[in-house]
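Geometric and topological summary
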2 protein chains.
Amino acid sequence: MENLAVNPAERDKPLILFGLGGVGRALLSQIGEQRSLHREKYGLRIRFLALCDSSGAVVEPQGGFSDELLAEILQHKEKGGALASHPLGQSYQSPKAMVDQTGGPGAVVVDCTASDDTADALLLALAKGCQVVLANKKPLTVVQEVYDGISRSLSNARWETTVGAGLPVIATLNRMVSSGDEVNRIAGSFSGTLGYLMTGLEEGRSYSETVAEAHRLGYTEPDPRDDLGGVDVARKALILARGIGWRMEMEQVEIRGLYPERMAGLSVDGFLAELPSLDAEYGARVASAAAEGKVLRYAAALSEGACSVGPTAVAKDSPLGRLTGTDNLVELHSRWYSPNPLVIQGRGAGVEATAAGVLSDIVELR
Amino acid sequence: MENLAVNPAERDKPLILFGLGGVGRALLSQIGEQRSLHREKYGLRIRFLALCDSSGAVVEPQGGFSDELLAEILQHKEKGGALASHPLGQSYQSPKAMVDQTGGPGAVVVDCTASDDTADALLLALAKGCQVVLANKKPLTVVQEVYDGISRSLSNARWETTVGAGLPVIATLNRMVSSGDEVNRIAGSFSGTLGYLMTGLEEGRSYSETVAEAHRLGYTEPDPRDDLGGVDVARKALILARGIGWRMEMEQVEIRGLYPERMAGLSVDGFLAELPSLDAEYGARVASAAAEGKVLRYAAALSEGACSVGPTAVAKDSPLGRLTGTDNLVELHSRWYSPNPLVIQGRGAGVEATAAGVLSDIVELR
């Protein structure tokens, strides 16, 4: 049985966790596994003030959340139970109301949702002296003012996993910005799914075959258009653009998706059935890129104040051109990283790598 | 004229800088250029308590170091003057004595030397409540206990530029360690000079021709054996090994250099004249690697508790195998980054990129 008494030499780090999907659950389990590492090496005692998702919340009971209680709550969830219907559970009006109820100086609000309803909760948290960690891209991609409010103090906010999961993209960008290095161009591939698709096309497979396979293997969202449309990549591009100081709204990101407007209204099955009608077009695009010594990537591009995402022919021997498979990659071109960019590459998705990135963010906040 | 009055809303960050070589001078000039960025965006006022090198020190005069005074001190140095002979200069007994004289809580001791005489100064600084930033590898590669003392608190010490200059190698490793991810293998190329040499060999040029050219172009140290011996790369490998928790001394790093013992005693000219005697051997090594679909890299390798540096045949289609030219690259293989590693690549040397990395470290320390 875990001893929950507070050692006065340790820094107490109480979390208010929003989101108990894959990342939230992986985070809970990683925090449990790493408890002695965090105590011994970092003098940190991470605990929970509240676990919240769209089905309700459980606020820290007298004596704290024991491992047994956490496991029991997750079990309750897995059986389809709402958090509000747990014996210790409650419903709550909004994330903001929950932060108002439970948050205070020293607490960390961790947003592992994909909700667009947490932005004001995060801003309230910062105003109350809490710190915030986001895996959720939405609050950083609504109006610029919200981004400004969240990002104002790097001592109090981290959002590393919003771009490239656990890859240190935001941390690196922040380091470059803090030294005054001028990041003047960014190119990157931020979707493992679309990376898989582009590699398939490069290998000479047809568009329809590759998309259908990715869908069958569960690499895409249930509706593959949620990946193919490019909006998720565009959110990441916007977060990077704002990270280098560009003031920009989502509407200003040019998004070129991988299916035509006429296929937007179809059912998923209807969409999959229509895919072969795009094979000739994508075959031709790949061939035309190859004729110039280039390859097609679904790339985010930031350059000269403009931000776009879409299929892009890039030099075969550039970092992005050499990328294959589902790894993410970002090229950061700057004053000191020129002509060759600073490149970061690796797994850019997955609940475990993402949760590990969230946990690093939590530990880094002092 | 710069207003040197302290704004009470700003955090004062006074530096004690050791080392006025290329990196130290670039740091001085970058701090000057970025003064308004640091004030406006980070609320930081970076100033100097003391500038020190092996020729003496100038301690902050009444009213602080103005830009004019800093420029005048650098000019004095450029004319060959010792710092001790500057009108405001003084001599000092040791870095430790200087820290004892000028250091106190809130100060940051910045080691931009290549000296092995700063370790006890850094430990004293930490004991006095200072923070430390190292570009100098030496203090981190003497006995393990010194490394432990410097690295004990990540709130108070940074040494990002000791491996890969401004590339975020240490920060990334620290993030992985802090989340409990297990880094089980590291492979990397940490010498632009040796990268240049290996690319030359891969292109079919001879060993002697490539080394002589690198020497002529100033890519190598004045005595090219200082690069070819591999000791500098071994120091970086040891810092990485210690960074993932291995307890290890420099003697335990296996170093395979690029010239035989019999050439160690020659003059530089004698050494250069002898180079062609190694051409056949290196030609054969490259050919033998190529026969297995591999390429030769001067690589650091950490795996299963062992740490080595030397010429290594790596798969042509691995990140390290695809690397060409002078860029550095590190592959971090871990529990969450498997089978594909997390890869960081880019310029790993240069006074400006290194100084920018030191400055990022200074800003990150809260």
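Residues numbered from 1 in each chain as written. Chains lettered and ligands numbered in written order. Predicted model: local features only at pLDDT ≥ 70, side-chain atom pairs only at ≥ 80, totals over all residues. Heavy atoms only, no water.

1. Quick notes on the side chain of Thr118 of chain A
Residue and element names in this part refer to chain A. Here Thr118 shows up in the loop between strand 5 (108-111) and helix 5 (119-127). Polar side-chain contacts of Thr118 include one of 2.6 Å to the side chain of Asp111. Side-chain polar atoms of Thr118 contact the side chain of Asn136, separated by 3.4 Å. Residue contacts for Thr118: discarding those within four places in its chain leaves Pro95, Asp111, Thr113, Asn136 and Pro139. (Helix = DSSP H or I, 4+ residues; strand = E, 2+ residues; numbered from the N terminus. Polar contact = N/O pair within 3.5 Å; in protein donor to acceptor, adjacent residues only side chain to side chain. Contact = heavy atoms within 4.5 Å.)

2. Description of the pattern of salt bridges
Residue and element names in this part refer to chain A. Tallying each qualifying case throughout the model produces 46 salt bridges over all chains. Notably, a salt bridge pairs Arg262 with Glu274, separated by 3.6 Å at the nearest N-O pair. One end of the pair, Arg262, is in the loop between strand 9 (254-255) and helix 13 (268-274); the other, Glu274, is in helix 13, with twelve residues separating them in the sequence. For Arg262, a relative accessible area of 54% corresponds to the exposed category. (Salt bridge = Lys/Arg side-chain N within 4 Å of Asp/Glu carboxyl O. Buried < 20%, exposed > 50% of the residue type's maximum accessible area, 1.4 Å probe, protein only.)

3. Thoughts on the relation of the copies chain B and chain A
Both copies of the chain are placed relative to one another by a rotation about an axis and a shift along it. Note on the identical chains: chain B maps onto chain A by a rotation of 180 degrees and an axial translation of 0.0 Å, with an RMSD of 0.0 Å. Taken together, the rotation and translation describe the operation of a two-fold axis. Looking at the rotation axis and the C-alpha trace of chain B, the residue lying nearest is Ile344 of chain B, at 2.3 Å. Interface overlap between copies is the fraction of interface residues in one copy that are interface residues in the other; for chain B against chain A it reaches 100%, indicating a shared surface. (Least-squares fit on C-alpha atoms with pLDDT ≥ 70 in both.)

4. Structural notes on the packing of aromatic side chains
Following the criterion strictly, the structure yields ten aromatic pairs over all chains and no others. With a centroid separation of 5.4 Å and 80 degrees between ring planes, the pair formed by Tyr259 of chain A and Phe271 of chain A is classed as edge-to-face. Placement of the pair is Tyr259 of chain A in the loop between strand 9 and helix 13 and Phe271 of chain A in helix 13, with a sequence separation of twelve residues. The interplanar angle of 90 degrees and the centroid separation of 4.9 Å between the aromatic rings of Tyr196 of chain B and Tyr219 of chain B together place this pair among those described as edge-to-face. You can see Tyr196 of chain B sitting in helix 9 (residues 192-202) and its partner Tyr219 of chain B sitting in the loop between helix 10 (207-216) and helix 11 (225-228), a full 23 residues away along the chain. With relative accessibility at 40%, the residue Tyr219 of chain B sits in the partly exposed group. (Phe/Tyr/Trp six-rings, centres within 6.5 Å; stacked < 30°, edge-to-face > 60°.)

5. Quick look at the interface of chain B and chain A
Listed by partner, the interface residues are 45 residues for chain B and 45 residues for chain A. Together, the buried faces of chain B and chain A total about 3700 Å²; carbon and sulfur atoms form 47% of this surface. When the area that chain B buries against chain A is broken down by residue, the three leading residues are Arg175, Ser178 and Trp336 of chain B, summing to 20%. Our count for the chain B to chain A interface comes out at six salt bridges. For the pair chain B and chain A, the interface holds 24 residue pairs in polar contact (both at pLDDT 80 or more). (Buried area = accessible area lost by both parts, 1.4 Å probe.)

6. Examining helix 5 (residues 119-127) of chain B
All names here are of chain B. Those residues of helix 5 that fall on the buried side of the exposure criterion are Ala119, Ala121, Leu122, Leu124 and Ala125. Its buried side turned inward, helix 5 meets helix 4 (95-102), strand 5 (108-111), strand 6 (131-134), helix 6 (138-141) and helix 7 (144-151). Count one or two residues on from helix 5 and you reach Gly129, which has phi positive near 90 degrees.

7. Some thoughts on the pairing of strand 11 (residues 306-315) of chain A
All names here are of chain A. Of the pairings in the sheet, the one linking strand 9 to strand 11 comprises two bridges and is parallel in character. Considered in strand 11, the bridge of Ile255 is made with Val309. Pairing of strand 10 (residues 294-303) with strand 11, which is carried by ten bridges, proceeds in the antiparallel orientation. Bridge assignment links Arg297 to a residue of strand 11, and that residue is Thr312. Where strand 10 folds back onto strand 11 in an antiparallel hairpin, the turn is made up of two residues, including Glu304, whose phi is positive at roughly 50 degrees. (Pairing = 2+ DSSP bridges.)

8. Some thoughts on the sheet that holds strand 2 (residues 44-53) of chain B
All names here are of chain B. Strand order in this open sheet of seven strands is 4-3-2-1-5-6-7, and the pairing throughout is mixed. Because the sheet does not close on itself, it has two edges, and the strands there are strand 4 (89-90) and strand 7 (157-158). Across eight bridges, strand 1 (residues 11-18) lies against strand 2 in parallel orientation. Directly across from Ile16, in strand 2, lies its bridge partner Ala50.

9. Quick word on the pairing of strand 12 (residues 328-334) of chain B
Residues and elements named next belong to chain B. Of all seven residues in strand 12, seven are buried; the element is thus mostly enclosed. Because side chains alternate across strand 12, one face comprises the buried residues Asn328, Val330, Leu332 and Ser334, and the other comprises Leu329, Glu331 and His333, equally buried. Strand direction decides the pairing type here: strand 8 (residues 183-189) and strand 12, joined by six bridges, are antiparallel. From the neighbouring strand, Ile186 faces strand 12, where its bridge partner is Leu332. Note that strand 12 and strand 13 (residues 342-346) share five bridges and pair antiparallel. By the bridge assignment for strand 13, Leu329 is matched with Gln345.

10. Concerning the domain arrangement of chain A
Residues and elements named next belong to chain A. Along its sequence, chain A is carved into domain 1 (11-166 + 351-364) and domain 2 (183-346). Using C-alpha coordinates to define each centre, domain 1 is positioned 30 Å away from domain 2. Listed per partner, the contact involves 14 residues of domain 1 and 15 residues of domain 2. In total, about 1200 Å² of surface goes out of reach between domain 1 and domain 2, with carbon and sulfur atoms giving 57% of it. (Domains from an automatic or database assignment.)

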